[in-house]
Amino acid sequence: MNTYEQELFRDKQLGFFIYLGVEAVMFLTLFTTYLIYTPSSEGPQPADIFSITTLVLSSVFLLSSSGTIMISEQGLHTKNHKKIITWLFITFLFALVFLGFEITEFVGFVNDGYGVSASSFLSSYYALVGLHAAHVLFGCGWMLVLFIQLSGIKIPFPLFIEKFKIFTYYWHFVDIVWIFIILLVYVKYLV
Amino acid sequence: MKRIGFIIMLTGISLLAGCSQITVLDPKSDTGKDQAYLIWLSLAIMFLVLIVVFILFTWFVIKYRYTEKRKYEIPVDVIGDKRLEFTYTIIPIILLIILAIPTARITFEQSPGTEAFQDAEGVEVNVTGKQFQWDFEYENGEEDTNKLVLPEGEPAIFHLKSEDVVHSFWIPELAGKVDLYPHETLTYRIENPEKGEYEGKCAEFCGAQHANMTFDVEVVSEDEYEDYLDDL
Amino acid sequence: MEMFENLADAPSDVIAAWIFTAIAGILVIIWVLKKRKLPVIWEYMRTTNHRKIGTMYILFGFIFFLRAGIDSLFIRMQLISPNNDFWVFQADKYNEVFTTHGTMMIFFAAMPMLLGLMNVAMPLQIGARDLAFPYLNAVGFWLFLSGAIVFNIAFFLNSAPAIGWTGYAPLSNSLFTPDANTDFYVFGVQISGLGTIFTALNLMVTVIRHRAPGMSFMRMPLFSWATLVTSFMILLAFTVLAIGLYLLMFDRLFDTKFFQGPDGDPVFWQHLFWIFGHPEVYILAIPAFGIFSDVISTFASKRIFGYASMVISIILIAFLSFTVWAHHMLVVGLGPMLNTFFAFTTMTIAVPTGIKIFNWLFTLRGGLIRFTTPMLFALGFIPSFVMGGVTGVMLSVSAADFQFHDSHFLVAHFHYVILASTILGIFSAIYYYYPKITGLKLNETLGKWHFWLFLIGFHVTFFPMHITGLNGMPRRTFTYDAGEGFTTTNFISTIGAFLMGISILFMFWNLVKTHWENKKVGPDPWDGRTLEWTVDSPSPENTFEPMPVVDDLNPLAKAKNENRKMETTNEHRSSPIARDSIIPFLISMTLGVFGICMTYEWYIAAFVVGAVVFAFFILRALTDEKNDYYGKDEGGAS
């Protein structure tokens with residue numbers, strides 16, 4: 001990036017950090033909601049329905065995807081397209097596996113009769129964890145767009161760097177939220 | 001300048017005189033009187049502030065207005081004045097502290113809540129609000145709708161709950177209001193109500209007929225109160 | 001279709017509105033075609049320029065202001081006498097009118113007009129060539145308009161919400177308001193709120209990163225400071241509101257148990273709403289404070305007194321405003337500890353606000369006060385706002401608030417503060433910046449008529465309302481009895497409301513007359529003191545060519561006093577990249593359609609429309625305007 005691009009990138013970086021601040025406030029509010037409503041007086045208790053296995057497996061994939069995206073990012077400095085693509089693709093796959101676990105978990109709950117309207121605890125659980133899952137899904141779509149931008153329509157490389165970096169901030173943020181979900185949504189009520 | 005001050009004084013006095021006719025400022029219970037005291041106190045302190053601002057404002061606007069004579073003047077830029085700014089930071093703080101102390105005292109005495117007035121003695125009434133009527137259940141288990149009767153002089157303790165949406169229980173002549181919720185019961189107390197007939201109303205918007213969700217209040221002598229309960 | 005079901009038994013006011021809108025629409029179309037304005041409309045639909053977007057913000061905000069204003073006249077007509085039956089405005093019709101009045105005034109009139117003024121003036125004040133993200137700016141504006149349209153459609157379908165602008169649960173839950181009405185509120189406010197968040201983010205980055213050389217934070221005009229602080233507050237407050245509405249939407253559409261059911265907590269909605277709602281009051285007031293600071297300084301021909309303490313005060317007010325929300329909930333039964341705590345935090349806000357008031361007064365001292373229309377509005381603000389401020393302190397006295405709460409005393413109080421600050425501020429700024437927006441100066445005589453009628457009408461309406469409230473009249477009631485002591489004061493209030501209405505007619509006449517005469521003015525019609533008065537009127541698309549160097553809080557005044565031109569430079573940071581695009585318009589309107597699909601629970605349609613929104617997203621990502629500007633110098637530090 002030259003100075004011209006650097007300055008515009010800094011604008012976008014600051015803008016996006018502020019946006020992530022907005023997201024953080026959003027999740028903070030939802031965490032508060034969850035903690036207020038859990039456990040509920042009716043319906044199942046968290047410990048009755050959460051499964052440690054699913055939690056551990058899904059976490060492994062999502063959290064390690066933060067690492068794979070960093071390896072992909074290293075490819076930016078050397079302009080190594082193959083490295084970028086490969087590791088971005090692995091990140092993408094990990095995200096899909098994570099979503100698979102999430103969806104299986106949700107479907108399992110709903111089949112047991114524990115849908116959004118079953119209790120205040122479940123309502124706030126879906127509102128929070130569901131919104132996070134939606135963020136992962138959005139990230140998957142974003143990665144697809146990055147693929148196209150790198151190898152499809154070929155935008156200028158400095159612009160690709162900008163867009164890729166912004167995505168990594170997003171992806172790390174989604175991971176950090178997940179860590180809080182592990183601690184406050186699951187572990188707090190499992191231990 | 002003097003004339004403007006005089007006019008302000010005059011309107012102030014006439015306003016205050018008029019105020020004694022106003023419902024909330026002339027309450028018929030000890031609870032309401034404490035509240036009215038706070039209103040008067042805050043009004044007095046705030047009137048002071050208001051007068052200072054009005055006088056400075058009128059003075060500056062008149063004195064420093066544009067005139068043909070001053071046409072070519074270039075006003076001196078003043079950055080600020082630390083001492084002056086400090087003064088109008090400190091004086092409001094002092095005024096607010098004067099106001100805050102009785103506020104805290106009366107708020108602690110009067111605040112409604114789920115755990116408020118547990119040990120308080122008095123006439124207990126269960127109040128239930130629903131779209132768009134009031135039910136009052138007395139100590140003997142009897143109920144009346146849209147009519148509340150209280151004995152004079154005794155503290156009235158209300159346990160309030162809603163059956164549907166949020167309502168608010170308000171008898172302006174007696175005392176301030178308290179909300180009714182579907183998920184919890186709140187308790188509120190009105191001390192020493194005076195004899196008379198008053199109007200109670202719903203003060204929290206609750207739907208189509210919110211405006212007509214009113215009830216009659218009668219504060220009567222101890223004997224009349226017993227008679228009323230027996231007749232229910 | 002269920003959408004039009006309610007129209008079958010539409011009351012006469014809805015029918016009248018259809019007829020009026022149809023006629024007005026036809027007239028506008030004829031005018032557009034006759035004057036060949038279509039290219040201009042097409043240009044504005046695609047623009048990303050800050051002045052043009054700001055103009056649209058103000059224009060549409062003003063249209064919604066008129067609508068919400070007419071609603072208030074209906075309210076006042078219904079309340080003019082005891083047991084009155086004015087037209088159709090009783091029971092739920094009345095409730096719809098005050099809900100619409102409140103929601104529209106806050107979200108679709110005051111907010112957009114302020115954001116529009118920030119869009120127009122802030123970049124010019126700090127020497128920025130545009131907002132940091134011109135494209136996002138267009139998205140923010142169109143999202144606001146889309147949300148506003150969604151909300152307005154409700155009335156035309158005879159499905160206006162009737163839950164108050166505060167939307168208290170459980171009345172806003174589907175159990176008590178099962179129809180689409182409340183969903184229009186949820187989606188309309190949600191969509192426009194999203195746009196507000198984007199615009200705030202944009203304004204914030206612009207102030208932080210796009211100031212002209214030499215424009216340090218402590219040389220920034222106070223309106224720009226206000227923009228920065230307000231944006232920060234919007235980001236926090238509107239996000240909490242977004243989540244509140246998100247939860248309410250779940251409760252209504254998917255029967256979740258946030259505000260209903262055995263564990264549901266209606267008070268939680270109030271917390272979320274007021275954590276947004278109280279800062280919102282200051283989000284409306286602080287920009288107005290900024291406007292008044294600049295206007296008073298200009299027309300007193302003097303720099304603002306105590307600039308540093310002005311800046312500190314707005315930061316303090318912003319911070320404190322997030323610590324006082326439960327003073328809206330003193331009768332909720334939070335208990336004596338919390339009641340007292342929130343009473344005290346509320347009182348502390350009076351201190352920084354007081355500092356500002358006295359600083360304005362001492363700016364006047366020693367000045368050369370020119371009574372122009374913008375200055376009159378600013379001068380009218382000071383005593384009026386202080387009256388609202390003192391009742392604010394009275395309301396903070398928690399035990400006294402048991403009496404004030406939700407009575408007309410409260411209605412008087414918040415109209416005093418919001419009208420005196422926000423509305424007078426907007427009027428002041430419209431007169432002040434009209435040359436920068438259009439190149440024309442509004443007529444001063446008509447402006448003064450507008451000012452005096454509005455100010456008198458405002459006091460005549462709201463002063464008696466204090467007494468109505470103290471006599472025991474609750475807010476949001478459509479009728480009262482003759483014996484309750486509300487009759488005289490209500491009658492006076494109604495007269496005042498019509499005075500305000502008439503004053504708006506004068507403003508209208510003024511606008512028409514000014515454009516009819518079409519007399520252009522130069523860059524500096526007010527003898528201004530800051531950067532915006534160095535650029536042409538109206539401000540061109542390429543401003544600050546060359547870039548000025550700022551050496552003072554009032555750099556232009558300083559240069560004038562020293563009889564020289566302002567210094568300029570060619571060394572400055574890269575400007576934001578702008579390219580016209582229709583996609584922001586399309587994204588936003590599609591999202592509005594999505595909102596309507598969700599309102600009527602047409603989930604398949606909603607899914608398809610939602611997919612279209614994302615398709616526009618991708619289209620935008622692939623046709624980024626930066627494509628043409630990046631990678632020109634590969635030898636750079638990449």
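Rules used in this analysis
Per chain, the residues get numbers from 1 upward, laid out in the order the sequence is written. Each chain gets a letter, beginning with A, and each ligand a number, beginning with 1, in the order they are written. Only residues with pLDDT of at least 70 are given local features in this predicted model, and only at 80 or more are side-chain atom pairs given and counted; all residues enter the totals for whole chains, interfaces and linings. Strand pairing is assigned whenever DSSP detects at least two bridges linking the two strands. What counts as a helix is a DSSP run of H or I of at least four residues, what counts as a strand is a run of E of at least two, and both are numbered from the N terminus. Simply put, an axis is a line fit to the C-alpha atoms, just over the touching stretch for a helix, and the angle between two N-to-C directions goes from 0 to 180 degrees. Our exposure labels follow a C-beta count within 10 Å of each residue's own C-beta, placed from the backbone: buried means 20 or more other C-beta atoms, exposed means 12 or fewer, and partly exposed covers the counts in between. Contact criterion: two residues are in contact if their C-beta atoms, reconstructed from the backbone, are within 7 Å. As a working rule, the residues Ala, Val, Leu, Ile, Met, Phe, Trp, Tyr, Cys and Pro are called nonpolar, Asp, Glu, Lys and Arg charged, and the rest polar, with Gly in that last group. Note on definitions: a nonpolar core is a set of buried residues drawn from Ala, Val, Leu, Ile, Met, Phe, Trp, Tyr and Cys, linked by C-beta atoms within 7 Å.

Sheet strands pair via backbone hydrogen bonds, and the direction of the pair is either parallel or antiparallel. Residue and element names in this part refer to chain B. With mixed pairing, five strands are arranged side by side in an open sheet as β3-β2-β1-β5-β8. Each end of this open sheet is capped by a strand with a single partner; those strands are β3 (143-145) and β8 (186-190). The mean angle between the axes of side-by-side strands here comes to 25°, regardless of whether they run parallel or antiparallel. As paired elements, strand β1 (residues 123-130) and strand β5 (residues 156-162) share seven bridges and run parallel to each other.

For S301(C), the location among the structural elements is in the loop between α8 (266-299) and α9 (307-321). Taking the C-beta count within 10 Å as the criterion, S301(C) has 21 such neighbours and is therefore assigned buried. Separated by 145 residues in the primary sequence, S301(C) and L446(C) place their C-alpha atoms 24 Å from one another. Setting aside residues no more than four positions away along its own chain, S301(C) makes contact with P75(B), G367(C) and L368(C).

Let us look at the environment of L124(C). Residue and element names in this part refer to chain C. With respect to the helices and strands, L124 occurs in helix α4 (residues 91-126). Considered as a pair, L124 and L531 are 407 residues apart in the sequence and their alpha carbons are 6.4 Å apart. Each residue touching L124, except ones within four places of it in the same chain, is listed here: K436, L531, E532, V535, S539 and T543.

Attention now goes to the pairing of strand β2 (residues 133-137) of chain B. All names here are of chain B. Alternating positions in β2 separate cleanly, W134 and F136 being buried on one face and Q133, D135 and E137 remaining unburied on the opposite face. Across five bridges, the pairing between β1 and β2 is antiparallel. Bridge pairing in β2 places T128 opposite D135. Linking β1 back to β2 in an antiparallel pair, the connection comprises two residues. Of the pairings in the sheet, the one linking β2 to β3 comprises three bridges and is antiparallel in character. Looking across to β3, one finds that D135 is bridged to T145.

This next bit is on the interface of chain A and chain C. Facing 41 residues of chain A, the contacting portion of chain C comprises 41 residues. Broken down by secondary-structure element, the contributors of at least two residues to the side of chain A that touches chain C are α1 (3-37), α5 (120-152) and α6 (157-190) of chain A. Its residues assigned to classes, the side of chain A that touches chain C shows 23 nonpolar, 13 polar and five charged.

Attention now moves to the interface of chain B and chain C. Interfaces are frequently sized by the accessible area removed from exposure as the parts join. Of the residues lining the interface, 74 residues belong to chain B; the matching set on chain C comes to 75 residues. Where the side of chain B that touches chain C is concerned, the elements lending two or more residues are α2 (30-63), α3 (82-110), β6 (167-171) and β7 (175-180) of chain B.

In this section: the sheet that holds β6(B). All names here are of chain B. One open sheet accounts for five strands, arranged β4-β10-β9-β6-β7; its pairing is mixed. Lying at the two open borders of the sheet, with one neighbouring strand each, are β4 (147-151) and β7. Across this sheet, the average inter-strand angle for adjacent strands is 20°, counted without regard to direction. Note: β6 against β7, four bridges, orientation antiparallel. Within the sheet, the bridge partner assigned to H167 lies in β7 and is L180. Each of β4 and β10 (214-220) is contacted by helix α4 (residues 222-231), which is oriented at about 140° to β4, the strand it contacts most.

What follows is about the arrangement of the chains. Out of two pairs of chains that touch, the pair holding the most contacts is chains B and C. These two, chain A and chain B, are apart from each other, with no contact and a minimum C-alpha gap of 13 Å.

Here we take up the nonpolar core. By size, the foremost hydrophobic cluster in this structure holds 304 residues, and its most contacted members are M113(C), I286(C) and I314(C). Those residues within four positions of M113(C) in sequence are excluded, and the remaining contacts are Y57(C), I58(C), G61(C), F62(C), F65(C) and I426(C). Residues A211(B), F74(C), L79(C) and F478(C) belong to the second largest nonpolar core, which totals nine residues.

By themselves, these figures tell us nothing about what the structure is for.
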